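Spelled out from the first residue to the last, the chains are:
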Amino acid sequence: YSQYLAWVNKENPPVPATDGWPAYMNYVKQFVFNDSAKALFANHVRFIINRTNRYTKTKYTDDPTIMAWQISNEPRCFSNEGKAPFKVWLRSVSLLIKSIDKKHLVTTGSEGEWGCENDMQLNKDIHADPNIDYLCIHLWPYNWSWVSKTTLQTDLKKAQENTKKYVERHIALARELRKPVVMEEYGYPRDGFSFSKQASTKSRDSYYKFIYDMIVTSKKKGDNFAGCNFWGWGGYATPKHTYWEWGDDYCADPSQEEQGLNSVFATDASTIKVIKSAVQQLK
């Protein structure tokens with residue numbers, strides 16, 4: 001949002017790290033009202049979806065390795081007055097994508113209720129769009145203040161209970177809309193809020209298992225909780241600074257967040273064991 005607005009208005013947008021999140025959100029809420037910024041975005045959509053993979057020579061519209069298009073990562077309206085134009089904008093983009101690519105699925109990229117100003121009706125409206133093929137949700141117990149840096153272990157049960165309630169509300173909505181729902185992002189910090197690869201992941205492992213058990217149960221019931229993606233795979237990367245700097249490994253965590261905060265590394269044997277067990281059950 002901020003970059004498109006900055007290009008259109010020929011200005012420097014607020015930076016959350018220095019100007020604060022309230023100033024940043026107050027700026028980006030203008031996006032859904034700005035036709036020029038939305039036009040730039042639409043041009044980018046056309047460019048990406050019409051692109052041909054330079055290595056395989058396969059058009060993206062024909063590429064079976066692409067499962068779905070996501071309109072935006074965590075799109076929001078950031079204000080009550082922005083709800084109506086937000087819905088119109090998402091519908092215009094989903095229609096644009098389907099007009100170019102009829103072979104792939106499309107979803108919003110929304111966090112769900114949390115990303116809709118805690119307005120479940122808005123969440124229903126944006127996912128009722130016939131060009132949206134499935135619902136999506138994100139879950140961030142720490143970011144949403146369900147746990148704190150010092151209560152990752154002691155408030156784990158509370159995080160799990162809140163997660164269950166959040167997921168069940170969205171499963172019910174997905175059932176009403178007769179569409180699947182995917183938890184496309186979720187994460188949990190390492191014990192002690194440590195960024196070290198050597199730190200314990202006991203709480204994270206328990207949280208991951210809780211998520212997987214819900215999906216396995218849904219599958220057995222023939223329900224519509226279709227899958228999940230944990231955030232995120234750090235592989236063999238090693239965090240070098242608290243925040244990412246040029247030349248550092250990519251650890252999955254975005255540059256504005258602590259490196260290693262939610263990363264699953266290749267050395268996290270217990271976490272990988274939990275993930276593998278879930279995969280086996282879901283085959």
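This text goes with the structure placed above it.
A brief look at the structure comes next. (Residues numbered from 1 in each chain as written. Predicted model: local features only at pLDDT ≥ 70, side-chain atom pairs only at ≥ 80, totals over all residues. Heavy atoms only, no water.)

Right, let's get into the packing of helix α8 (residues 202-221) against helix α9 (residues 269-282). With their axes 10 Å apart at the nearest point, α8 and α9 run at an angle of 0° to one another. One finds that α8 runs roughly parallel with respect to α9. Between α8 and α9, the residues in contact are Arg204, Asp205, Tyr208, Lys209, Tyr212, Ile215, Val216 and Lys219 and Ser270, Thr271, Val274, Ile275, Ala278, Gln281 and Leu282, respectively. (Axes fitted to C-alpha atoms, helices over the stretch in contact; angles between N-to-C directions. Helix = DSSP H or I, 4+ residues; strand = E, 2+ residues; numbered from the N terminus. Parallel < 35°, antiparallel > 145°, perpendicular 65-115°, else oblique. Contact = heavy atoms within 4.5 Å.)

We now examine the sheet that holds strand β3 (residues 135-139). The three strands are arranged β3-β4-β5 in an open sheet whose pairing can be described as parallel. Of all strands in the sheet, those with a lone pairing partner are β3 and β5 (225-228), marking the two edges. Across this sheet, the average inter-strand angle for adjacent strands is 25°, counted without regard to direction. As defined by bridge partners, strand β4 (residues 181-186) adjoins β5 across three bridges and the pair is classed as parallel. Bridge pairing in β5 links Val181 to Phe225. (Pairing = 2+ DSSP bridges.)

Another aspect to go through is the packing of aromatic side chains. Summed over the entire model, instances satisfying the criterion amount to 23 aromatic pairs. Arranged with centres 6.3 Å apart and planes meeting at 70°, the rings of Trp140 and Trp231 form a pair that is edge-to-face. Linking Trp140 in the loop between β3 and α7 (156-177) with Trp231 in the loop between β5 and β6 (233-235), this pair joins segments that are 91 residues apart in sequence. Here a set of aromatic residues connected by ring pairs shows up, and it is made of Tyr1, Tyr4, Trp7, Phe31, Phe41, Phe78 and Trp89. Sitting over the face of the ring of Phe265, Lys197 holds its NZ or CZ atom 5.0 Å from the ring centroid. (Phe/Tyr/Trp six-rings, centres within 6.5 Å; stacked < 30°, edge-to-face > 60°. Lys NZ or Arg CZ within 6 Å of the ring centre and 35° of its normal.)

Below, the discussion takes up the pairing of β4. Burial runs high along β4: six of the six residues are buried. Here β3 pairs with β4 via five bridges, running parallel. Each bridged residue has a counterpart across the sheet, and for Leu135 the counterpart in β4 is Val181. In this view, the connection linking β3 to its parallel neighbour β4 by way of α7 has right-handed handedness. Assessed by its sense of winding, the connection that carries the chain from β4 through α8 to β5 is right-handed. (Buried < 20%, exposed > 50% of the residue type's maximum accessible area, 1.4 Å probe, protein only. Right-handed = clockwise from strand over helix to strand, strands pointing away.)

The next point concerns the nonpolar core. The biggest cluster of nonpolar side chains holds 33 residues, and the ones touching the most others in it are Leu139, Val167, Met183, Tyr186, Tyr207, Tyr208 and Phe225. Element by element, the count of residues in this core is highest for α7, at eight residues. Those residues in contact with Phe225 that lie beyond four places of it in its chain are Val167, Ile171, Val181, Met183, Met214, Ile215 and Ser218. If you look at the next biggest cluster of nonpolar residues, it comprises 30 residues, including Tyr27, Trp89, Leu96 and Cys116. (Core = buried A, V, L, I, M, F, W, Y, C linked by side-chain atoms within 4.5 Å.)

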